[in-house]
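These are the residues of each chain, in order.
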Amino acid sequence: MNTTESRLTPAEQSKRNDLASRKPYVAAKLARISEMEERGEISPIIRLEKSYLCNFQCSHCSAEYYMDRHLDKVLKVVDNRRKMDMEDVRRLSREADELGLARFVITGGEPLVMKDFDAVVAAIDPEKHYIVTDSNGWFLDLKRAQHLKKIGVEKVQLSLDSIVEEQHDRFRNKPGSWKRVMRAVDASLEAGLNLLLSTVLLRGGASTPEFRELCRFATEHNVALYVSYAKPTGSCSEHPEFVIDKHDADTLRELEKEYKVFTHMTPSYGSFKGCITMKGIITVTSTMEVTPCPYIDMSLGNLRETPLKEILDRGMRNPWIGPHRPDCIIGEDTHFINWHARQTQDAKFLPLPWGEGFSEHDTLAGTEVIASQDNAALFDEHGRCLPAANETAAERETRRYFTCQQPAIDYPAIHERITARLGGALAASAFEHRVKAILSRLADNPLTSSLLAGVYAPFFLPRALHTDIGQALDEKYLPAVGNAFIEHFPDYAFTNQHKSSLSGKLSVAENSRHQILIDALKQDDVVGIYFPCLSGYSLPAARRQAQILPPEFLLSGGFDTCAALIGNPELLFRKEAYPPLLWLAALDAEQENVGYHFEAYGYNLTFNRRAHLGLAAEYWASGLTVLG
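One structure accompanies this document, and this report is about it. Note that the structure is a prediction, hence the values are computed from the model and not measured. (Residues numbered from 1 in each chain as written. Predicted model: local features only at pLDDT ≥ 70, side-chain atom pairs only at ≥ 80, totals over all residues. Heavy atoms only, no water.)

1. Remarks on the overall build of the chain
Consideration 1: Each helix and strand in the chain was counted, giving 19 helices and 19 strands.
Consideration 2: A compact globule built from 628 residues would reach a C-alpha radius of gyration of about 25 Å, and the chain, at 26 Å, matches this within 12%.
Consideration 3: If one aligns the C-alpha atoms of the chain with their principal axes, the spans along those axes are about 75 × 50 × 45 Å.
Consideration 4: Within the chain, the proportion of its 628 residues that are buried is 60%.
Consideration 5: Considering only residue pairs separated by 6 or more positions, the chain has 76% of its internal contacts joining residues 24 or more positions apart.
Consideration 6: For the chain, the exposed surface amounts to about 24,800 Å²; the carbon and sulfur share of it is 50%.
Consideration 7: Taking the average place of the 71 positive charges on the side chains of the chain and the average place of its 84 negative ones, the gap between the two points comes to 4 Å. (Helix = DSSP H or I, 4+ residues; strand = E, 2+ residues; numbered from the N terminus. Rg over C-alpha atoms; globule rule 2.2 N^0.38 Å. Buried < 20%, exposed > 50% of the residue type's maximum accessible area, 1.4 Å probe, protein only. Contact = heavy atoms within 4.5 Å. Areas by Shrake-Rupley, 256 points an atom, 1.4 Å probe, with all protein chains shown as cover. Lys, Arg positive; Asp, Glu negative; His and termini not counted. Charge placed at Lys NZ, Arg CZ, Asp CG, Glu CD.)

2. As for the nonpolar core
Consideration 1: Within the largest apolar cluster, 173 residues are counted, with the highest numbers of intra-cluster contacts made by Leu-461, Leu-473, Tyr-477 and Phe-598.
Consideration 2: In contact with Leu-473, other than residues within four places in its own chain, are Leu-478, Pro-479, Leu-502, Leu-506, Gly-558, Phe-559, Cys-562 and Leu-584.
Consideration 3: Counting nine residues, the second largest nonpolar core, distinct from the first, contains Tyr-52, Phe-56, Trp-138 and Leu-350. (Core = buried A, V, L, I, M, F, W, Y, C linked by side-chain atoms within 4.5 Å.)

3. Some words on the environment of Thr-9
Consideration 1: You can see Thr-9 is positioned in the loop between helix 1 (3-6) and helix 2 (10-22).
Consideration 2: With 433 residues separating them in the primary sequence, Thr-9 and Leu-442 have C-alpha atoms 53 Å apart.

4. Topic: unusual backbone geometry
Consideration 1: Following Gly-322, the chain continues to Pro-323 via a peptide bond in cis, the omega torsion being 0 degrees.
Consideration 2: Positionally, Pro-323 belongs in the loop between helix 12 (308-317) and helix 13 (334-344).
Consideration 3: Residues Leu-350 and Pro-351 are joined by a peptide bond in cis, for which omega reads 0 degrees.
Consideration 4: Take Pro-351: it is sitting in the loop between helix 13 and helix 14 (411-422).

5. Details of helix 12
Consideration 1: Within helix 12, the full set of buried residues consists of Leu-308, Ile-311, Leu-312, Arg-314, Gly-315 and Met-316.
Consideration 2: Buried residues in helix 12 make contact with strand 1 (45-48), helix 5 (86-98), strand 8 (281-284) and strand 9 (290-291).

6. Observations regarding the sheet that holds strand 7 (residues 261-262)
Consideration 1: Spatially, 7-6-5-4-3-2-1-8-9 is the arrangement adopted by the nine strands of the open sheet, whose pairing is mixed. A strand with exactly one partner marks an edge of an open sheet, and here the two such strands are strand 7 and strand 9.
Consideration 2: In the sheet, strand 5 (residues 194-201) pairs with strand 6 (residues 224-229) via six bridges, with the strands oriented parallel. What sits directly across from Leu-196, in strand 6, is Ala-224. (Pairing = 2+ DSSP bridges.)

So, in structure tokens, the structure goes:
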């Protein structure tokens with residue numbers, strides 16, 4: 001049994017077995033998704049927006065500005081762009097199948113008003129793809145649900161915005177819609193369709209009793225509740241007060257521990273993609289444009305002009321949306337939201353074509369380049385290590401959007417936490433003296449003094465001889481990180497998302513200088529400072545950068561990063577903003593282009609493995625260690 005299968009509940013495994021008996025080809029493709037992600041390949045769900053016809057006009061609708069009624073009544077224009085036909089759908093199905101993609105969602109608008117809905121299902125081919133439809137539930141009675149099952153639809157996603165009838169009907173601007181969607185819930189279950197409920201979260205909503213009651217309703221009915229954040233696009237652009245903040249997102253992450261509720265950032269079966277934009281979902285509009293998310297009105301290419309694979313590769317290269325980020329870029333990142341609004345504000349026909357919104361020349365638009373006033377300095381005025389002039393695999397610009405929390409430098413407390421979990425006989429006074437000597441040395445050097453303007457975490461490591469780095473992390477250091485974090489933050493959790501053994505999988509990367517720390521650890525206690533200053537670097541770039549720095553700078557690996565987190569548990573704990581992911585950059589993994597890392601998930605701390613593919617992302621950071 002593979003890792004994903006081992007994490008399935010009996011009910012989930014039963015559903016997969018049933019699918020395998022009916023549609024073995026589809027089931028096999030679904031089973032391979034985790035293998036693709038392990039290799040760094042992406043397997044997005046394809047949302048197909050063939051029609052925008054809808055019998056509702058919801059306050060938060062992101063598709064309203066695509067609809068003929070909006071173009072006709074509001075903008076008074078006619079859309080003459082060529083629309084998707086069945087041959088387009090069949091061609092897309094073939095391209096997706098060749099890439100191993102397995103999932104389609106027929107959406108809109110309201111899909112069940114489409115006269116050619118059955119033909120669309122057939123064109124996608126339910127023997128090759130797992131087909132889902134979303135719906136407001138108005139037309140979904142038992143007869144229609146049974147028909148959907150018969151023609152090959154496997155799952156229905158029903159919109160339910162409140163367990164309170166009046167609230168749901170008011171938000172949907174449709175009296176009677178709550179009763180209809182409740183009927184659709186019963187009909188879907190009776191027809192044997194897999195069912196998912198979806199709801200839109202508004203600012204402050206996650207903390208309300210009504211939302212918790214909705215979560216409880218879904219859980220008690222053994223149905224998952226998918227929560228979509230209100231995004232400032234479409235009709236919702238007229239309601240900026242709907243847009244959530246990080247507190248809402250983190251409150252929801254805590255509710256995931258108690259209820260069957262999830263968002264597009266929720267880890268599933270060990271897969272931690274962060275925001276699934278491009279990585280887990282794309283939208284194909286009625287004019288065959290591909291957008292990286294249902295709420296971003298800028299295309300990455302048109303499928304009549306550009307193959308699907310090339311469009312997916314474009315998205316992964318884009319500095320805004322690929323390869324990884326922990327927040328909802330169009331729902332939380334005000335820099336991107338404002339840039340997106342400026343790009344699209346005068347557009348009548350959405351999405352903006354490739355080259356008019358997104359392009360190959362994209363940078364983190366509207367951001368300030370932070371550079372040192374002293375061209376000889378190695379670090380900028382905020383302590384970030386400045387990339388070498390010829391380094392292309394590191395972000396040249398930084399907006400300091402993802403930064404660590406500076407921990408309180410309480411030497412006795414740091415010493416006590418590490419001693420309690422790792423042992424050692426180093427005196428607290430000696431630890432403090434040696435750290436201050438490192439700080440003094442760095443401060444006195446004009447090349448390195450600005451490093452101290454950034455975040456740093458003192459640590460020590462008791463003398464140890466470890467013949468297997470991975471085994472030592474498994475048995476000693478990772479449990480110690482978890483214990484220190486939970487003791488410091490008893491309301492939250494540490495999760496090792498990587499469930500298999502690390503034994504035999506990790507080694508010191510060549511030219512990382514990390515072997516100096518390993519050798520020193522064999523001889524005596526090691527005292528050092530961890531600096532998460534290689535922000536926006538790919539792992540290969542971080543390793544190249546370490547080679548050109550003065551010899552005292554070592555690329556951080558497993559033991560020093562763990563000790564920094566044990567002594568300073570708040571390093572990746574931020575309530576008002578997002579901290580970066582921290583790579584164990586000095587360690588080679590068992591596969592090329594794969595690495596291990598620590599990452600915050602809301603207020604919780606996680607450890608995991610992922611493919612990095614040598615790419616840079618503004619969310620990624622690696623550390624430098626200085627010993628003393």
